[in-house]
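Commentary on secondary and tertiary structure
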Amino acid sequence: MKIQAASECHFEQVAKLVTTAEELYTISPSATFPWDVAQIRQVAKVRSNLTVCIIDDAVVGFGNLYNVRPSHSAFIGNIIVSGEHAGKGVGSALVKYLSSLCINDYQATPKLSVFNFNTRAILLYNKLGFVPYQIESRCKPCGEPVALMHMSLQTT
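First things first, this report covers the structure right here in the doc.

What counts, and at which threshold
- Residues numbered from 1 in each chain as written.
- Predicted model: local features only at pLDDT ≥ 70, side-chain atom pairs only at ≥ 80, totals over all residues.
- Heavy atoms only, no water.
- Helix = DSSP H or I, 4+ residues; strand = E, 2+ residues; numbered from the N terminus.
- Buried < 20%, exposed > 50% of the residue type's maximum accessible area, 1.4 Å probe, protein only.
- Pairing = 2+ DSSP bridges.
- Axes fitted to C-alpha atoms, helices over the stretch in contact; angles between N-to-C directions.
- Contact = heavy atoms within 4.5 Å.

On to unusual backbone geometry. At the junction of F33 and P34, the peptide bond is cis and its omega measures out at 0° in the coordinates. Mapping P34 onto the fold places it in the loop between α2 (21-27) and α3 (37-46). Residues other than glycine seldom take positive phi values, yet D57 does so here, at roughly 65°. Along the chain, the position of D57 falls in the loop between β2 (48-55) and β3 (58-69). You will see that S71, though not glycine, has its phi angle at about 65°, which is positive. Tracing the sequence through the fold places S71 in the loop between β3 and β4 (73-81). In this structure S71 comes out as exposed when scored by relative accessible area, which is 60%.

Put into C-alpha cells, the structure is as follows:
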C-alpha cells in the first residue's frame, strides 16, 4: 500500500469509494449523494493534506485535515476506505499517517469526529489512542437524532 498526496487525477476514484447516501453522511454530512468530482474539488478548497491510499494503482482510501491550528490542534476528516479493503489495515494506516502530519508538520494534537452509529470507526480510533472529549447532538437527514463524538489522540 502506498500513501500519497491526492491530486485531481484521483478525485473520480475517491468519489467511487462512497457507495451509499448513509456512508456519505457518515464521512461528510453536508455533501449530497452521489459524491462527485465537483464536491471533492470543493473539499480541496477548504481542507488540507488531501491523502489517498493506493493498492495496485487503485485508490482504496481517502482522508484529509481541516481546522488546522498549528501548535494547537488539527482535525482528521473524510476518512473512507473501499468496502473491499475494509478491515485490512487501510484505515489504520491512513489515520496514523494523518496523525503524524498533525504532530510533525503542525505540532498539533490530532482530533477527529465520528458518529455514534459508526461502531467500526469508533473502535478503530480508540485502538489507535483516540479518546472522546465531547459529544454533540445532530440529526440525520431523516430527522433521527444522532451523536457526533469528538475524539482526541492521547499522546502520553
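Before going further, it helps to spend a moment on the sheet that holds strand β5 (residues 109-115). Spatially, the seven strands line up as an open sheet ordered β1-β2-β3-β4-β5-β7-β6, and their pairing is mixed. If you trace the sheet from one side to the other, it starts and ends with β1 (2-5) and β6 (130-139), each paired once. Here the average twist between neighbouring strands, direction ignored, is 25°. Pairing between β3 and β4: six bridges, direction antiparallel. When the sheet's bridge partners are listed, F62 is paired in β4 with I80. Against the sheet, helix α5 (residues 119-127) contacts β4, β5, β6 and β7 (145-153), and its axis sits at roughly 160° relative to β5.

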